[in-house]
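Summary of the model geometry
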Number of protein chains: 2
Amino acid sequence: MYDFAERLKEAGLKATIQRIFILEVIESYGHATIEEIYEETIKKHPSLSLATVYKNILLMVEKGVLNEVPVTGKKTKYELSKEDHIHLICTSCGKVEDRPYLEDAQQLFSSLSRSEHFALRQQLINLYGLCHACQSA
Amino acid sequence: MYDFAERLKEAGLKATIQRIFILEVIESYGHATIEEIYEETIKKHPSLSLATVYKNILLMVEKGVLNEVPVTGKKTKYELSKEDHIHLICTSCGKVEDRPYLEDAQQLFSSLSRSEHFALRQQLINLYGLCHACQSA
DNA sequence: ATCCTTGCAAATGATTTGCAAGAGT
DNA sequence: ACTCTTGCAAATCATTTGCAAGGAT
């Protein structure tokens, strides 16, 4: 469990109760949509406004506290920022799981970027398919 | 240049003039947003309605004629379906370029999927950074 | 005390829908 | 001819904005 108040201040943002609750919800979900974040956060803080969620998600993405994960055909999800990793996305149940980034893939993409004179900053790797549970059904 | 009429029929869709124009626009753009597609297509076919663009894009994605490319922080783009490839996305000018998928990366992700009991179907690899042109500025 | 943030309500923007008329096979 | 598709207008849903009141440092 993180010290979110500290994390926010480092990013130049005030540590409001709303922001901390939002971050806690995202942490517990792993990946969550705006709507999920809102629905879950108002359980702890009923006066929270949806507009506040939007404003904060945007702000925290901008400040690098959160990371945006667009998901083909579904709503965008948000996760706490961390090192590069791979998303395994189940197209049946919608679950998103993180897997550590493979060293070798890292290498490949870095060298591709270098040879293309492309200044690589961030990468998004989404693998879509069926998770183990959904293959049975 | 593709035979789009044929491509549509294969997918079980009628080859209407609207759909063909839409596909031509996407082909010439490489990657385009709904709005770009609409704005460009009405030049050739002024009576086209925006609702028709939405309906068709959705349908053609579903039928596998088009491929959806979500772009972090920007509007979703659409491309003609083709083999797996890598997107180099410039966060400054917004340009999206395709690069052939690296054999080795293919291997890595396949074997990761296998060991996770994940039935891999599709992959999205977006590399974000600055293109050569934008690095100078 | 100051400046940032919240919550509300309204405005804007994006996407979807229903249906009668028109086009493709 | 039959069925699918279009275009329109309205409905719905998602996101953003302005501003007065409240909260964090």
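The present account deals with the structure reproduced in this document.

Basis of the calculations
- Residues numbered from 1 in each chain as written.
- Chains lettered and ligands numbered in written order.
- Predicted model: local features only at pLDDT ≥ 70, side-chain atom pairs only at ≥ 80, totals over all residues.
- Heavy atoms only, no water.
- Near = heavy atom within 4 Å.
- Polar contact = N/O pair within 3.5 Å; in protein donor to acceptor, adjacent residues only side chain to side chain.
- Helix = DSSP H or I, 4+ residues; strand = E, 2+ residues; numbered from the N terminus.
- Nonpolar A, V, L, I, M, F, W, Y, C, P; charged D, E, K, R; others polar.
- Buried < 20%, exposed > 50% of the residue type's maximum accessible area, 1.4 Å probe, protein only.
- Pairing = 2+ DSSP bridges.
- Axes fitted to C-alpha atoms, helices over the stretch in contact; angles between N-to-C directions.
- Parallel < 35°, antiparallel > 145°, perpendicular 65-115°, else oblique.
- Left-handed = near helix turned anticlockwise from the far one by under 90°.
- Contact = heavy atoms within 4.5 Å.

**What to know about the protein's contact with DNA strand C**
The environment of DNA strand C is formed by 20 residues, the closest being Thr 16, Gln 18, Arg 19 and Lys 55 of chain A together with Tyr 54 of chain B. The sugar and phosphate moieties of DNA strand C supply 70% of its atoms located within 4 Å of the protein. Lys 55 of chain A is positioned with one of its side-chain polar atoms (N or O) 2.6 Å from a base oxygen of DNA strand C. At a separation of 3.3 Å, a phosphate oxygen of DNA strand C approaches a polar backbone atom of Ala 15 of chain B. Among the secondary structure elements, those contributing two or more residues to the surface near DNA strand C are helix 2 (17-29) and helix 4 (50-62) of chain A together with helix 4 (50-62) of chain B. Ranked by the residues each element gives to the surface near DNA strand C, the list is headed by helix 4 of chain A, at four residues. Of the residues that constitute the surface near DNA strand C, the class distribution is six nonpolar, seven polar and seven charged.

**What to know about the pairing of strand 3 (residues 85-90) of chain A**
Residues and elements named next belong to chain A. For strand 3, the tally of buried residues reaches six of six residues, placing the bulk of the element in the interior. Looking at chain direction, strand 3 and strand 4 (residues 96-100) are connected through five bridges and run antiparallel. Pairing of His 85 across the sheet is with Pro 100, part of strand 4. Counting the residues that bridge the hairpin from strand 3 to strand 4 gives five residues, and of these Gly 94 lies at a positive phi of roughly 85°. In the sheet, strand 3 pairs with strand 5 (residues 119-130) via five bridges, with the strands oriented parallel. Looking across to strand 5, one finds that Ile 89 is bridged to Tyr 128.

**Brief notes about the packing of helix 5 (residues 103-115) of chain A against helix 5 (residues 103-115) of chain B**
Packing of helix 5 of chain A against helix 5 of chain B brings their axes to within 10 Å, and their N-to-C directions diverge by 155°. The angle between helix 5 of chain A and helix 5 of chain B places the two elements in the roughly antiparallel class. Read as a crossing pair, helix 5 of chain A and helix 5 of chain B show a hand that is left-handed. Where helix 5 of chain A approaches helix 5 of chain B, its residues Asp 104, Ala 105, Leu 108 and Phe 109 of chain A are matched on the opposing element by Asp 104, Ala 105, Leu 108 and Phe 109 of chain B. Considered class by class, the residues forming the contact of helix 5 of chain A with helix 5 of chain B number six nonpolar, no polar and two charged.

**Brief notes about the environment of Ala 32 of chain B**
Residue and element names in this part refer to chain B. Within the secondary structure, Ala 32 sits in the loop between helix 2 (17-29) and helix 3 (34-44). Ala 32 gets classed as buried once you look at its relative accessible area, which sits at 0%. Along the backbone, Ala 32 and Tyr 78 are 46 residues apart, and their C-alpha atoms lie at a distance of 5.4 Å. If near-sequence neighbours (up to four positions away) are discounted, Ala 32 is found in contact with Ile 37, Thr 76, Lys 77 and Tyr 78.

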